[in-house]
Every structure is written in structure tokens, then in C-alpha cells.
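Examining the three-dimensional arrangement
Below, each chain spelled out in residue letters.
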Amino acid sequence: MDTNVYVGGARHFPNKDQADQQKQRPLRHGVAPTVTEIHSDVLTNLANQYWAPHSTLPKQPFSDKVINRIYYTEIGTKFPIRRIMLLEFSQYLELYLWPNFSPSTLSPSYIMSIVMMINEKVRQKVEVWRVFREQPAQVALFFHAVKEAMKDENGQFKIKEQTVLLTFLIHSFNSLEEDIVRTQIQHTVGLGIWRNLLPAKLNSLLARNPRLSKRWAGLAKRESKLSARERALRENDYAFLPKLVTIFLAVLSEISAEGAVKLEEVNFCERFLELCIDLQAQLPTRRFFNSVLLDYHLIVKCGQSGLTARASAEGHLFTELLKMVQFYSKFEIEDLEGVPLTQSEMLTAHYDNVLNLQKQCFANFKELEELALASISQVDSRESLMGYLRGLNNKRLHELASQLHLVEAHGEVKYKSSFLLEVLVSHHEKRTSQKEEINNMPLYPTEEILWDENIVPNEYFSGEGCLALPKLNLQFLTLLDYLLRNFNLFRLETMYEIKQDIEDVVLRLAPFLASDASTQFRGWARMALPLAKFAIVEVAKPNVGKNHPSRVRADITINLDIRREIASEWDSLRRHDVCFLLSIEALSTTPSYSAKKPFLEQVRMRFIRGCEIEGYLDEEGRVVQEGFEKPKYKTRMRTVRVYLDVNQYQTDMEGTIKGSEDVYDSFNILLRRKPKENNFKAVLETIRDMMNTECVVPEWLHDIFLGYGDPADAHYSKMKNRIETIDFNDTFLNVSHVRDSFPGGVDCDEEEEKLIKPFKIQFTGTDKVKAIPYTLPNPGPYPSNKPKENTVYFTDTQVEAIKAGCNPGLTMVVGPPGTGKTDVAVQIINNLYHNFPNQRTLIVTHSNQALNQLFQKIMNLDIDERHLLRLGHGEEALGTEKDFSKYGRVNYILAHRLELLEEVGRLQKSLGVMGDVNYTCETAGYFNLYQVKSRWETFESSIKKRSMVKKCPADIKELFPFAGYFSNAPQPIFTGQSYEQDLESAEGCYRHIQKIFDQLEEFRAFELMRSGLDRANYLLVKEAKIIAMTCTHAALTRRNLVKLGFRYDNILMEEAAQILEIETFIPLLLQEPEDGHNRLKRVILIGDHHQLPPVIKNMAFQKYSNMEQSLFTRFIRLGVPAVELDKQGRSRPSIAELYNWRYKKLGNLPHVTSQPHYLTANTGFSFDFQLIDVEDFNGVGESEPNAYFYQNLAEAEYVVATYMYMRLLGYKSEDITILTTYNGQKHLIRDVVKQRCGENPVFGFPKSITTVDRYQGSQNNYILLSLVRTKTVGHFRDVRRLIVAMSRARLGLYVFARVGIFANCYELTPAFKKLLQHPTELHLCPDEILPTNRKAGELPNSVKIIKNMPEMSKFVYEFYYTVVNRLVKEQQRLALIAPKKPAEEEKLEKIKVITTQEAVPIVDLPPDEISSEEETENLEPAAAFTTTADGVITPADEVITPADEVMEATPAKLDEVITPDSDEDGDCGPSLEDMMS
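For the structure given in this document, a descriptive report is provided here. (Residues numbered from 1 in each chain as written. Predicted model: local features only at pLDDT ≥ 70, side-chain atom pairs only at ≥ 80, totals over all residues. Heavy atoms only, no water.)

1. Some points on the overall build of the protein chain
The criterion, for reference: Strands are runs of DSSP state E lasting at least two residues, helices are runs of H or I lasting at least four, and both sets are numbered from the N terminus onward. Only protein chains enter the area calculation, which uses a 1.4 Å probe; residues under 20% of their type maximum are buried, those over 50% are exposed, and those in between are partly exposed. Areas reported here follow the Shrake-Rupley algorithm with a probe of radius 1.4 Å; residue values treat only the protein chains shown as occluding.
From N to C terminus, the protein chain includes 56 helices and 34 strands. Across the 1477 residues that make up the protein chain, the buried fraction comes to 58%. Total accessible area computed for the protein chain in this model is approximately 61,900 Å², and 50% of it derives from carbon and sulfur atoms.

Here it is, written out as C-alpha cells:
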């Protein structure tokens, strides 16, 4: 891997035994302790005695002996993760360590205990600094103690402890947004650290920057005013990082190139380089530290160390980290000013360096005269410099280096020649451009990359170790740095997903060695087919200046003699879809495959190459173009033409010339991927395009985007072009609404009775505003002319958000659950459309569902639909017969044009004008100019003359020239009661006519263009005013949009907190800059960072690289002003209390306290919400049949029984949703529902059975939630997931969980404290009839208490019998139907009592093929079920075979064996939520 492109590593193995152990068993570090282990552990006993919040024992007084005992005896210097996790669960830091920390208790064990607990919180991705903010008194003392411990001048701390301290420093420098942290460490990276530079180097730096010289003098002046103690502390801070560098180099020097090595020392060195990378990657910490790092020649010393010599073993990760340090040390930025350097400026700086070297050689080193006189291009390479300088002896090398201010000038020579030589060469050699490396990099992964864990980390990352990966934190050096980090992380995350897909498919194919030693396939896979033929058909000549072909195409022949629906999927491959060519070699004639075994031990992956579909070939060998009818093939054979990666092809051919195997003669499998997951190449190309072009962010947003400057600079209040008077259009319903929206007061010049909507609001610079009512012009006499109006009574906070969105600048809106953020977004769009008719607004969302919800509300407002355009797929779910796609809008315009021309013909006829004026838009325009406008001008002139004499309403009716045309309008048009009203009616009629001609003028271009593509592009670029797309579509089509000249002025992003950082950035740059400036005027981001972030499947990228951080969340962390909506209208107030604590001031809208269904209790339940404790069933709680595939049978049965009970009471199935926190439990609940309810119309299926993560953005009246885990809290400890789960229900929330586990979790305390106000046994009221008369919060007269799941199942069975009998008797009494005893008895048989011997067994693996009904969340009655030999309930025609028995399955069923292939959660092996524990 090239040193200039950091895509490096993850894991190293100190010896072969450890590497072999890794292959045998996947590592799962940091597995949480079980409940039994927690209760029996000595740490739990200590916690119960001294600090545990839920302990019933009397608390003992504080004793530092307890801390010493825990640290030295129970933890030791090995820092076992499971023991530390146990302390974290008990709230050791919050309740014992920090409250008792003081100068009198300060000790090494105390310091290390606090640091250890903070590191564990960061590892688990939970709130870290909250306890410091709440008790800040001793923060300064603690940080000072940590810094002293890190220097360890007394030798009190072992190397392992210093590594832990170093890790704490890394976390601190990555939390600079926290004031309490920043104030304690800011001086360690301040200007004062330059006192540790060589004097000559310092003087040189100060001389080049006069302004910095003044700061240097001012620094000394300020320090002279400090007390002696403060001055000493400041000096210690300045010397801290240089001291760390010295300590690091001392440890590094102890590691030899051969022999035994201490892993603790290796880990320390790796962590130190991680700290250096983090300091260099943020401008505030880089500004002065980078010069110190270069002055200490850390990179050279590391490169010549013994650890680097071990690069193939223990030193591999260290070497990769060193490459990143080297990359950032020479990054294209001016360190002091933070200004990005262009390629030209970088070359100039390089030439100056080499020229300075040549001057010194010419003046003082006659033996280097040839070097001094050579051209720069002859001496700036590593090889040439080595050749010139190698002839100097040690003393002369030292003299040259000292004259160049690279080493100290005086004293004896203490450096080796090899060191001095490397210092000189590395300082003057030409650096390779990162852009060139990226441009020459193949975008498709290969077999060498995919299974190299030093490049693509595996899924078992626990957060303990260090990785050579870029991080996405708060700040970036430049836009190039931003794009590079995101490019590498996005590429690696995609590689990880591709690797999972390939492993899944290959195991399903079950390759084996045939008798002729060829590889054949016993199984089948939905997403892969064997190749019948592969041939390269074109290798085009290279473009000028390139060394690779301009295009490489190949033909692939496959046989679609497979199931019809799967063949249809293959036939649906479209242009630009990405596929993979695999060369697979079986290792045995009778192999046994299992997903639980290491993949590469079961099969050999010889080659993997990506390709891009051009299209299928017809029978004559021509590519079938999209949009044309597909040809009818005579056979099942298909040939598809593909583009190959030209960079990869060139590399492969060079290898073949050198004797390597021909890659392109070995392929035997073609693999496709799901379209939603297969957009990576287009996204990577888009990022690469932005690196190679001028990337311009609006000036007012640039600094904030990179994380610098005042976070409020882009707020509308600080913008020079802010709007003083805003037309709010139909935002306000009445004048009272205006007054409620501005609590500071409203002034009005008009009388009260004239204060009628709409209103303009003038902002006077004070709290008071001025309301200016105005009257809309008469739009015309027809009912269709009346504009649609807003009906939402916006709150004052929502109005503030709308006001901010109408103003130029950056608008951030935090929308807690149910606060109407979509309504706010729609109203902002509506106001922008009317206030700025010449501006265009781009709408971007994360999902098609959110885009459709937004679009449907936009259609209900007064926005002309000809100006609406929705790009991308998913438009079919819009819920309207209208087609808002590009071609749908073109068809609408063409059809509407004909309708308008008919109106023109009717107008022509009413005026008695001869000719064919309604033939085209052009002829209609002439008709308007010469006939319509002239008549109106005559009318105006005549009315004006008569009004000078007398204003008579009859004159208007008499003179109005278009009375015949409006004869079909509601009559009378002119009432004759008021001259002014009749004149306004006449003007309204004329406006209606002119609107027709204005639209025809807009449509005129569509007449001139004959191609549908040209019309669609014109619509996109010119006609549409509001364009909507998903962030994925924006990334896929950016190149085409820029090429077309797409323009927009405003961008609004919904679900912004769920969009990846790079996917938020790309939509900002879908247009070329104008005169070097971005024309964007408004950026409006709407989201909620307290809910779940973007989905990242690989834990290393999610936890270590922070790839899950959205741009919205980063802006919030930076302190960018945001409007937080503060009134929710979704949940009952009682349910809202379960999550409103997470927000600043989240109240309730009036309707949730006044509407009947919110005031009425939930029929059949004692409480609106309840936490139900679920014990083990048959001694089993949670189970894990596959890695991270968690299930809990007891909870599944309990939840389904509760659903059945609700249906028996009369609840609608569409009002009920079942949620769970794991995919394994979701599949189990679906199986139980199908078995218990699927064939019984009394129950049916609930609206949805899905996971909490997938249900974000949706809600329902009643939620049944299963938390699954009984050993540890798992990933539900993430408060964001808790907030989503608690906020999905409107009227009822019933949580099924192991109470003892979740109630003791510190992060979940606010919600579970509220949940525990009610009993943990399910309280039912089966005697109530839906709807009940009982009020919400009112306890019922009689209650049935359910103690456990078997009792609930038995009760539901009996209750069902009672309900059915009652219904049968009632029907018999009414003589509506004859009694049908056998059928009812048959249904009763399907509802069985759950005993200790009988239940739905836990499903080992979910089905591979999920029905389309499930994918759309509409679960229909299932097919008949059968039972396998191990008792697993499955559809009768789809028996699931355990993965470890794959070879005993029939080939046709292999695709159902390994892992679930697809469901609506996008499962492909363990999902994100399954892996987050």
C-alpha cells in the first residue's frame, strides 16, 4: 500500500500460534459478563456495600482502601475488560470514584481507576463527560494528575498503565467540544510548545511570520504576570507533549528487530502514533505541534526502529500508523494560517527546499558541486538524493543538516550516518500527489484486499485496540482532507459488505472438485450463477497522457434455466449495475461447509474482479438500450456486456507479462448484489470527481463545515443579507396565531377587524415584531382558482424554525419525536416558493419513505404541480395517481398544454376571432399579444374615463370583454353592489386568462424539443422549482447533474441525522460554481441527533472511525445554533415522559390533552404503558443460535399472546406493531405469529413486526416491545435506541424484558425509573369492552394480574374460547348464521396452551427468501407449516436445514441454509443491530 493513501490496517499477530488461533475461532473481545457472574462476583458485593444505587444493604463510608483493593487485587495491570465492564454496570465512576475525588484521596490507583472507567465509557460509546460537567470542582486537579502520571518521573506506573493513560489523552483530544476538557489541555498544544524547538529552527519560523513574532512576545509578557505556581504549571503544559515524544522514543528504542518482544511496549508505541495522528488531523492541535514532531524527526526515527523492521509481524500495525503520521505531517495545508495549499504552492515550497539545499552545497560543500548545479528535477527524487549524499562522511552530513536547521549545530556528532542521510533525503524528496494515487486506484476490491484484516477489519472489533484508520471527528484540515477520509472509509465499509456477500454466496454454491479436478457446484445461490462463457471483446487505446486503456469491455454468457422469479431478477439487471466475476477453486471432492468456520479454510478465492453492466445483447449481438422493449429470446442463454476496471486490467496484464496467471481465463461465477446496496462505485466516483475538480462550499458555510470559527457565523442573525420583513403567506391561521407565535409582543397599525390573514412580519431588532396584513389579489372566478391553505397551528418554536428557514444562511432544526418537523419543512418550502419565485429548492432525504411523506404534504399546499419533480425510485409508493418523475412530469406538461390550448380556443371562440390560434404555444402567444391584451387595455382605458365621471358597477359588467368566456364560471361574477369589488373580480378574471398564457409560454420549449430525454432534462434544469431526491440518488447522479448545468439556490434535508456525513455533503455540490462562488443561499438541516444514526455494519468503522456521525450531529457538537421544537403531538403525555427527559424542554401540544382517544384509557389494560418482567422459560432466557442472532422464546410467546388478547378485545390489527431490538427475535416472533394467528381471521397479522432500528420514522397507536436480552443490556444501552423505542407509541406501550438487567443500567435510568412506577406484572382488565369509558390514568375496578408467560398463554386460550362462544351464541340468537361447531373447534385446536413441554422452538436460522408481503410490512396469512426433525416450525415447502449440516441438504435448498439472504431489514448475515452489543 502506498504511503500517501492511508487505507491501512487493523490487527497484528505477534506469532504464528496466535494467528492460527484467530483462524480457528473468531475473536469476540469484551463479551459482557452474565447475570450469574455479576451477582456472584466480589465486585458486586463491594458495590452493594459501598455505592450500588439499588442495593438494600446500608452503605459503608468511603474508604480509599476499597479503591486500592479493586485496582490492585481485582483489576491488576492486565485491565480485564469483563471486570471493568462489571464496574461500569455498577456506576463505579458516577457514584463512588468521582464524588470522593479530592487532593486528600489522590493516589496512583485512584487516578488509574478514573481513567480506566472513562476509557470504558468511550469504548462502549456512552456519555463520557456528563459526570465531570455535573461535578466540575476537581477537573483541573484530575487532569494535572494525569499529565504528571503520564510523564512518570518517579517510575510509579508500568508501561501497560501508561498505555491506558495515553488512551485517555486520545479521548480527551477528540473531545475538544467539551469546555471542561478543552480548558485543561489547550496549553499543551499552544504556541508555548515551540520553546522545545531548536533555537535556529524557532528563529527561522518566527522570521517567516511577523504576526507570529508579536504573539511570541505577547506570550512572554502575559506569563510574566502569572504567579510562580501558575507559571510552573504553564511551563509543564508546554513541555508535556515533547516529554511524551521523548518517552515514546525511549520505549521504541528498547524494541529490537529480532528476538522476543514485549507486547505492552508495542501497544504503547501504537497508541502514541494514534495520538500523533489525531493531533495532526485537527488544525487547533496541529498548528504548533506538527513543527515539534518534525523537529524531533519522529518519522525518521520510527522508520529506522526495530519495530518497523518487524513489519510482517508485530510491527505491521505500527508501520501502517506511521504511514498515516507521515501522510499528515506533509499535508497540503499552511499550518499556522490553516489555508489549504494548491498543487502549485506545494511544488513551490518543495522547490524552495531543494534550492536552499543547493545553495548550502554550493557555498560550503565543494564535494556536492554536481548536486548544487543540477536542475531540481534531477535531484528531488529519493534515489538521486541518496546517490549524491551517500558519499559524505558522518561529520559532513551533520554539518549540512545543522546548516539547514535540521539538527543542532554545536556539540559532538551523536547521530549515525544512516539517520542523518534519511533526515536530509526525507526533507527534500518530492512527495507523490494523493490525487494521482486515488485516480489510479481501482474502485473494485480484489481478493487480496477483501481478506486482509489489516485493510478490511472483521466484524469482531470490540473497541479495545488501535487501528490504522482515519477518524471522522469534529474538524478537518481542508476539504481535500474531508474527502480523502470519507473516500477511504466509504470504500472500506463497502469492501466489508461485499466480502460478506461473497462468503454467503460461495458457501451456498458449495463448490467441490470433480473427477477431472475442475471445480463444480453442488448448491445454488439466488445472487450468483456459473459462467457459460467469458471473453474480452474490446481493449480501447489509452487516452493522451494515460498508460491504461480508455475502455475495456467483455461479454459474459450465463444460463437462466432457473426458477422464473429468479430469472426475472437477472433479466432486470440494468445499465451501470455492478457485478463481480469470481474465480473459485474447491479444496476437496467432498467438502463440508459451515458459516461458523473460517471462510478461507473451506474454499480458495483465486480472483475477484468487479464489472459494470452495459446491457444485455440481443440475438444479433447488439446491446439492448434501456427504454426499448426487451427482445424475446429463443433460449434461456443470455449474454451481457460489461465494462471492466481499466486500472485493474492494466495491472493484471502487467502481471501476466511477468509470468503471472491470466486472471481473465479463470472466472467461473458471476455475482450480483441487491440494488440498494450496490451503489458504491458511483458514490466513490462522485467523491473522486470532487477531489479532481474545484470544490466550492458557500463562503458563509466553509469554516463551520470544516469545524472552525464561530459556530454561529452562518446563522441568519449574523448574515448581512438577512430579511427584515418576511411574507409568511398562509403560515398563520389568524391574528391570535400571530400573537401566540411571538411572545415578545406584536405591534399592528391596522384596526383589529382588518387583521385578517395572510400576514407579513417585520422584525424590528427588538423582541417585538410588527404584523402587516395584506390582501391577496383575486385569482379568478373558478373554485379551482382558490389557493390551498395551511391548516396547521404552528407553535412559536415552529414559527422560529420557519423564520430561520426563510432567511439566508444555515438553519438547524432539531425535531424530537412527534414535533411536526415535516410540517415545518413543508411550510418553509411553501414560503420559499412564493417569496422567491425565481429560486429553486432541492429537497433531500435519507429514505424514499420520508421523501414520499414530505412530497405528499407539499402537494396539499398552494404549489403549482408543474413545478414539482421527484427523482429516483420509490415514487410508486407516493400514494397518488399522479406521476412526479421526470418523464411523468413531461407527460403532464404535454397533456396540460393541450388542455390550455383548448381553453385558448374557447376564448378565441368567445371573442369571435378567426384563425387557428390554439395550434401551438407560439400562436397562442401571438393571440394573447394582439387580441387579448389589446381588449383588456381598451377595457381599462374605458373604465378609467367613465370612473372620472362616476364609478358605476354596471359599467364594468357592460364593458368587460371576456364575459362569454367566463359564462361557465359560478355566477354572478359581477354583483353590482360595489364598484371596487366588481373591478377586482374583472382583474381576477384577467389574471386567470394571463395565467393560461404564462403557462403556455413556459411550455413553449417543450414544443420545440422532440426528444423525450431533451424535454426531461429541460424540465430538470429549467422548469421545476422544487426538486426532491434521496441522498443516494444525489450521489449516483451528481456527475450527470453537473454536466446538464443543474442549478439550485436552497437545499433542505430531512432526516439529516440519519444521513452519512459524505452523503450530506454531496448534495451541497450538485452544481458548478459561478465565478468561483457557490450560489447556495440557504442550507436547512432537519433531524434529531438523539435518535439513531446512519447504519454502519462494520464495528471498526462505526466505533473507532466514528463513521456513524452525521453532519447534523457534528454541527450540533460544534455548537451551531439550532431551533429545537418543543411540543410533541404524537404520544399520550404519560408515554411522552418516557423520552422527553432527553430534550431540553419537550412539552405537549393541546390535542394530546384534549382529544377523546388520548383521554380514554386503553381498554383491557390497567395502564397506558407497562414494563413486564419476563422470566426464563424452561430455564432458558436469551439464546444465540448464530453469532449475534439473539432470540428469547419466553418474550416472543408473551408478546404474541398479548397481541392475541388485544385482538380478542376488538383492537384493530393495523393499530398494533410488534417491535424488538434484534433480528433474531424478529424472525422468531414472526414464526410464532404465523403459527398462532396466521390462519385465524380472528387474529390475523399486526401491521408490522420489525426491529426498532427499522421502525425509526414510523409510529402506531399501540407498540408491543421485546428487549430480548437476559444476560446483559446489549446495544439497547445506546440511549438513542432507547429514545426511538419509547417514542413509537401514540396510546399504549408495553415493554417485555428482564427488568433486573435494564433497570440497573445507568444510561437508561430516566426511562426505566418511570416505567417502574407501575407493577412489573401485566395487569389486565378482560371485562372491559372496547372502547372503555374509563379515563386515562384511572385505575379499573377489577384487575387480572398475569404472573408469567405460561399463565398469559393459558388465559388467552380460555379467553378466546369465551369470546368465540359468546359470538356464536349471539349470532345464533340473531339467526344470522347456523352454528358451525366443527370449524370453531378446529380453530381452537390451533391455539394451544403453552406448557413447560410445548412451545415454538427457537429458530436456528431465519428463512432465506422473505415474501414480498413481509418486505412491504403487510404480513398476510402464511402457508401451511411443517416441523423439521429438530422441531423447527417452517413453511411446508421450505424446510430449513442447520448450517453445519449443509452437505446433507439437497442442492435446491442450499440457498436457505447459511444465513438469511434478504428481508425488509436488509439482513445479510448479522446486521448492525445484531452486532452492536
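2. As for the packing of helix 15 (residues 263-280) against helix 19 (residues 316-329)
Let me state the cut-off plainly: To obtain each axis, a line is fitted to C-alpha atoms, and for helices this fit is confined to the stretch in contact; angles are then taken between N-to-C directions over 0 to 180 degrees. Between 65 and 115 degrees an angle is taken as roughly perpendicular, under 35 as roughly parallel, over 145 as roughly antiparallel, and anywhere else as oblique. Should the near helix be turned anticlockwise from the far one by less than a right angle, the crossing is termed left-handed; should it be turned clockwise, right-handed. Contacts: residue pairs with any heavy atoms within 4.5 Å of one another. For this scheme, ten residues count as nonpolar: Ala, Val, Leu, Ile, Met, Phe, Trp, Tyr, Cys and Pro. Four count as charged, namely Asp, Glu, Lys and Arg, and the remainder, Gly too, count as polar.
Running from N to C, helix 15 and helix 19 point in directions that differ by 20 degrees, and their axes come no closer than 9 Å. Considering their axes alone, helix 15 and helix 19 lie roughly parallel with respect to each other. Where helix 15 crosses over helix 19, the two elements pack in a sense that is left-handed. Packed against helix 15, whose contacting residues are Cys-269, Glu-270, Leu-273, Cys-276, Ile-277 and Gln-280, the element helix 19 presents Leu-317, Phe-318, Leu-321, Leu-322, Met-324, Val-325, Tyr-328 and Ser-329 at the interface. Partitioning the contact of helix 15 with helix 19 into residue classes produces 11 nonpolar, two polar and one charged.

3. Some remarks on the sheet that holds strand 30 (residues 1289-1297)
Note the following rule: For two strands to count as paired, DSSP must find a minimum of two bridges between them.
If you walk across this open sheet you meet the five strands as 24-30-29-27-28, and the pairing is parallel. Bordering the open sheet on either side are strand 24 (1169-1173) and strand 28 (1248-1251), each of which pairs with just one other strand. Ignoring which end each strand starts from, the neighbouring axes of this sheet average 20 degrees apart. Contacts from helix 49 (residues 1223-1237) reach strand 27 (1216-1220), strand 28 and strand 29 (1260-1266) within the one sheet, and its direction differs from that of strand 28 by about 165 degrees.

4. Let's talk about unusual backbone geometry
The omega angle of the peptide bond from Lys-757 to Pro-758 is 5 degrees, so this bond is cis rather than trans. Assignment of secondary structure puts Pro-758 in the loop between strand 12 (746-748) and strand 13 (759-763). In the Ramachandran plot, His-576 falls in the positive-phi region, its phi being about 80 degrees despite a non-glycine side chain. Residue placement: His-576 occurs in the loop between helix 29 (564-571) and strand 7 (578-586). The backbone phi angle of Glu-1055 is positive, close to 55 degrees, even though this residue is not glycine. Relative to the helices and strands, Glu-1055 resides in the loop between strand 19 (1050-1053) and helix 43 (1061-1065). By relative accessible area, Glu-1055 is classed as buried at 15%.

5. Things to note about the pairing of strand 18 (residues 1026-1030)
Most of strand 18 is tucked away, with five of its five residues classed as buried. Neither face of strand 18 is left uncovered, since the one carrying Ile-1026, Ala-1028 and Thr-1030 and the one carrying Ile-1027 and Met-1029 both have all their residues buried. Of the strand pairs in this sheet, strand 16 (residues 841-845) and strand 18 are connected by five bridges, and their pairing is parallel. From the neighbouring strand, Leu-842 faces strand 18, where its bridge partner is Ile-1027. Two elements, strand 17 (residues 868-870) and strand 18, share three bridges in a ladder whose sense is parallel. Its bridge partner being in strand 18, Leu-869 is matched across the sheet by Ile-1027.

6. Overview of the nonpolar core
Keep this limit in mind: In this description, a nonpolar core means a group of buried Ala, Val, Leu, Ile, Met, Phe, Trp, Tyr and Cys residues linked to one another through side-chain atoms lying within 4.5 Å.
The biggest cluster of nonpolar side chains holds 252 residues, and the ones touching the most others in it are Phe-132, Phe-142, Trp-194, Phe-248, Phe-1065 and Phe-1115. Per-element tally for this core: the top contributor is helix 28 (residues 479-509), with 17 residues. Setting aside residues up to four positions removed in sequence, Phe-132 forms contacts with Trp-98, Ile-114, Ile-118, Val-139, Phe-142, Phe-143 and Ile-180.

7. Quick word on the sheet that holds strand 8 (residues 603-616)
A barrel is described by the order of its strands in space; here six strands give the closed sequence 5-6-9-8-7-10, paired in antiparallel fashion. Within this sheet the neighbouring strands show an average axis-to-axis angle of 50 degrees, counted without direction. Where strand 8 and strand 9 (residues 637-644) come together, five bridges link them in antiparallel fashion. Bridged to Cys-611 within strand 9 is Leu-644. Across the sheet, helix 29 touches strand 5 (528-539), strand 6 (552-559), strand 8, strand 9 and strand 10 (669-672), and the angle it forms with strand 10 is around 85 degrees.

8. Side note on helix 4 (residues 64-75)
Which entries qualify depends on this criterion: The span one expects for a helix is its residue count, reduced by one, times 1.5 Å. This arc is built from the directions going out from the helix axis to the C-beta atoms.
Between its first and last C-alpha atoms helix 4 spans 15 Å; for 12 residues at 1.5 Å apiece the expected length is 16 Å, and the two agree. Inspection of helix 4 places Val-66, Ile-67, Ile-70, Tyr-71, Glu-74 and Ile-75 among the buried residues, and these make up the whole buried set. Projected down its long axis, helix 4 carries its buried residues within an arc of 125 degrees, all on one side. Residues of helix 4 that are exposed and angled more than 90 degrees away from the buried face: Lys-65 and Thr-73. Buried residues along helix 4 sit in contact with helix 3 (42-50), helix 5 (81-89), helix 6 (92-97), helix 7 (108-123) and helix 10 (159-173). Downstream of helix 4 by one or two residues, Gly-76 has phi in the positive range, about 70 degrees.

9. Some words on the side chain of Asn-1106
The following threshold applies: Polar contacts, as counted here, are pairs of nitrogen or oxygen atoms within 3.5 Å of one another; within protein the pair requires one atom able to donate a hydrogen and one able to accept it, and residues that are adjacent in sequence qualify only if both atoms are side-chain atoms.
Relative to the helices and strands, Asn-1106 is located in the loop between helix 44 (1099-1104) and helix 45 (1111-1118). Given the relative accessible area of 14%, Asn-1106 is considered buried. Among the polar contacts made by the side chain of Asn-1106, one reaches the main-chain carbonyl oxygen of Leu-472 at a distance of 3.0 Å. Setting aside chain neighbours within four positions, we find Asn-1106 in contact with Lys-125, Leu-472, Phe-1101 and Arg-1117.

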